[in-house]
Amino acid sequence: MRHFLTLNDFSKDEILEMIALAQKIKIQTKAKKFVPYMERQTLGMIFEKSSTRTRVSFETGIYQLGGVGLFLSSNDIQLGRGEPMKDTSRVISRMVDMVMIRTFEQSKLEEFAQYSQVPVINGLTDKYHPVQIMTDYLTMLEFGKDIHACVAYIGDGNNIAHSWLMLCAKLGFTLHIATPKGYECDEEVVQDALQYAKESGAVITFSSDPKEAVKGCDVVTTDTWVSMGQEDEKEIRMKAFEGYKVDTDLMNLAKSDAIFLHCLPAYREYEVSEEVFEAHADEIFTEAENRLHAQKGIMVWLDGKRGE
Ligand code: CP
Ligand code: NVA
C-alpha cells in the first residue's frame, strides 16, 4: 500500500506513470467513457480548511471512477471536537477504501497515514500541495511544455513553491524561484530538493528578483501571498510582497509563448494583474479542470490498477 503525502516518496518513473494514467483517463472522460476502475469504492474526504477545487474534483472524480465520495468537514465530525487524528484514522480507514485529507501540519497527515489501513492522499497541508503540482505538470504538457521547460515561481515560499521544488527535483526541469526576503522556502525542503536534483539533473535557482527569475522561462506561476491560516498576517505580507505581482511587464520578460499558471483562488492586483490573468485564462482554467483528471490518475494508481 502506498500513500500520496509528498512527491518525495515517488520516483520519476512513478510520477510519469500517474501522469500517463491521468492523460488516458482524461481522454476516456472526454469521450464520455467512464471506466469503473474503482467500482463501489468510497473515498473519505476530510477537510480542515476551505476548498472549492479540491472538493469538487475529488468528489466528481471518484464518482466517475464508479465510486462515491464522502465529504467530511472537520466542523461536522468529531475530529473538530478533539477526537485524536489516530483514532479518526483507525475508524474511517476501516470503512472506506481511500482517504484524502486537507489539513494544517504535514505531521497530522502523516499521523493519519501511519494509522490508516487504506491509501491516504494529501489534499493540501501547510507544507505541500502535491496533487496540485501533478495537475500543473499535466497542464504544462498539454500546452507543449515538457521536461525541458524552464518554470519561474514568483511569490511566497509556501506549500505550492515546495511542491514545485519537489516536482522539478524529481523530473529534472529548470525552476527559478523568486521570493521576498523572510518568505523563502523551508530550508529542509530546499535541501531535499537539491539532493534529488543531483540525480535528475534539475537546475534550481533561488533569488529575490522576479525579473531575473522569469527571464527566458516557458512557464510563469505564482500563488496567493496569504495562505489559509495566515489571515492575521495579511497586512504585513501585503507590504513584504510589493514588487512581486506578475503583471504584463514581468510576463514580457519570459518567452513570447510562455504560459501562466495559477492554482487558484487568485487575488487580482496582488500576486497577479487582471490583465495577465485574463490573457492566460485558458491555461488557468484548463489547470483547474485538470485537477479532476490528474487526481483520477493518482487514485487509480494508488488503487493498484496501474497498467489497465
Ligand atoms: N487550488 C486549490 O487547491 O483550490 P481549492 O482550495 O479551492 O481546493
Ligand atoms: N497556498 C495556498 C494554496 C491554496 C490552494 C494555501 O495554502 O492557502
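Quick note: structure is the one above.
Residues numbered from 1 in each chain as written. Chains lettered and ligands numbered in written order. Predicted model: local features only at pLDDT ≥ 70, side-chain atom pairs only at ≥ 80, totals over all residues. Heavy atoms only, no water.

K.L.:
What's the story with the overall build of the chain in this structure? I'm lost.
P.N.:
Check the secondary structure of the chain and you find 12 helices and nine strands. For 308 residues, the compact-globule formula gives about 19 Å, and the C-alpha radius of gyration of the chain, at 19 Å, lands near that figure. C-alpha extents for the chain along the principal axes are approximately 50 × 45 × 35 Å. Within the chain, the proportion of its 308 residues that are buried is 57%. When contacts within the chain are restricted to residue pairs at least 6 apart in sequence, long-range pairs at least 24 apart make up 76% of them. Within the structure as shown, the chain displays about 13200 Å² of accessible surface, and the carbon and sulfur contribution to it stands at 49%. (Helix = DSSP H or I, 4+ residues; strand = E, 2+ residues; numbered from the N terminus. Rg over C-alpha atoms; globule rule 2.2 N^0.38 Å. Buried < 20%, exposed > 50% of the residue type's maximum accessible area, 1.4 Å probe, protein only. Contact = heavy atoms within 4.5 Å. Areas by Shrake-Rupley, 256 points an atom, 1.4 Å probe, with all protein chains shown as cover.)

K.L.:
Explanation requested: the site of ligand 2 in the structure shown.
P.N.:
Taken together, Leu124, Asn158, Asn159, Asp223, Thr224, Ser227, Met228 and Leu264 are the residues near ligand 2. One of the backbone N or O atoms of Met228 is found 2.8 Å from an oxygen atom in ligand 2. Isolated, ligand 2 exposes 270 Å² of accessible area, and the fraction of that covered by the protein chains is 94%. In this structure, ligand 2 is accommodated by the largest pocket. Tallied by class, the residues present in the shell around ligand 2 amount to three nonpolar, four polar and one charged. (Near = heavy atom within 4 Å. Polar contact = N/O pair within 3.5 Å; in protein donor to acceptor, adjacent residues only side chain to side chain. 1 Å grid on protein atoms, 1.4 Å probe; cavity = no way out; pocket = protein on both sides within 12 Å on 5 of 7 lines; lining within 4 Å. Sits in = over half its atoms within 2 Å of the grid points. Nonpolar A, V, L, I, M, F, W, Y, C, P; charged D, E, K, R; others polar.)

K.L.:
Can you walk me through the site of ligand 1 in this structure?
P.N.:
Taken together, Ser51, Thr52, Arg53, Thr54, Arg102, His129, Gln132, Cys263, Leu264 and Arg291 are the residues near ligand 1. Between ligand 1 and Thr52 there is a distance of 2.7 Å, counted from an oxygen atom to a backbone nitrogen or oxygen. Interatomic distance of 3.0 Å between a side-chain N/O atom of Arg291 and an oxygen atom of ligand 1. Starting from 260 Å² of accessible surface for ligand 1 in isolation, the protein chains cover 95%. Applying the majority rule of atoms within 2 Å of the grid points places ligand 1 in the largest pocket.

K.L.:
Would you mind going over helix H12 (residues 281-302) with me for this structure?
P.N.:
The end-to-end C-alpha distance of H12 is 31 Å, a good match for the 32 Å that 22 residues give at a rise of 1.5 Å each. Burial runs high along H12: 18 of the 22 residues are buried. (Expected span 1.5 Å × (residues − 1).)

K.L.:
Which parts of the structure should I look at to understand the packing of helix H5 (residues 130-142) against helix H6 (residues 159-171)?
P.N.:
When two helices pack together, you describe them by how their axes are tilted relative to each other and by the distance separating the axes. Packing of H5 against H6 brings their axes to within 9 Å, and their N-to-C directions diverge by 55°. One way to sum up the angle between H5 and H6 is to call them oblique. Remark: the crossing between H5 and H6 carries right-handed chirality. Where H5 abuts H6, its residues Pro130, Gln132, Ile133, Asp136, Tyr137 and Met140 lie against Ile160, Ser163, Trp164, Leu167 and Leu171. Of the residues in the contact of H5 with H6, the class split is eight nonpolar, two polar and one charged. (Axes fitted to C-alpha atoms, helices over the stretch in contact; angles between N-to-C directions. Parallel < 35°, antiparallel > 145°, perpendicular 65-115°, else oblique. Left-handed = near helix turned anticlockwise from the far one by under 90°.)

K.L.:
Looking at this structure, I do not really get the nonpolar core. What am I missing?
P.N.:
Generally speaking, soluble globular proteins have nonpolar side chains that are buried together. If you look at the biggest cluster of nonpolar residues, it comprises 60 residues, and the most contacted ones within it are Phe4, Ile121, Trp164, Leu165, Leu167 and Met299. With nine residues, the single largest contributor to this core is H6. Setting aside anything within four residues of it in sequence, one finds Trp164 in contact with Ile133, Asp136, Met140, Val151, Tyr153, Phe173, Leu175, Thr221 and Leu261. Of all hydrophobic cores here, the second largest spans 26 residues; its members include Ala178, Tyr183, Val246 and Leu264. (Core = buried A, V, L, I, M, F, W, Y, C linked by side-chain atoms within 4.5 Å.)

K.L.:
Got a minute to help me understand the state of the cysteines in this structure?
P.N.:
One covalent bond between the sulfur atoms of two cysteine residues makes up a disulfide. By the definition in use, this model includes one disulfide. Paired through a disulfide, Cys150 and Cys217 show a sulfur-sulfur distance of 2.0 Å. With Cys150 in strand E5 (residues 150-154) and Cys217 in the loop between helix H8 (210-214) and strand E8 (219-222), this pair connects stretches of sequence that are 67 residues apart. In this pair, the class of Cys150 matches that of Cys217, namely buried. (Disulfide = S-S within 2.5 Å.)

K.L.:
Would you explain the layout of surface pockets in this entry?
P.N.:
Space left empty within the atom packing is revealed by a probe, the size of a water molecule, rolled over the atoms. As a volume, the largest pocket reaches approximately 700 Å³. As for the largest pocket, its lining consists of 39 residues, and the residues nearest its centre are Asp223, Thr224, Val226, Ser227 and Met228. Broken down by secondary-structure element, the contributors of at least two residues to the lining of the largest pocket are helix H2 (53-64), H6 and helix H9 (234-240). Its residues placed into classes, the lining of the largest pocket shows 13 nonpolar, 13 polar and 13 charged. (Points joined across faces, edges and corners; volume = space filled by probe spheres on them.)

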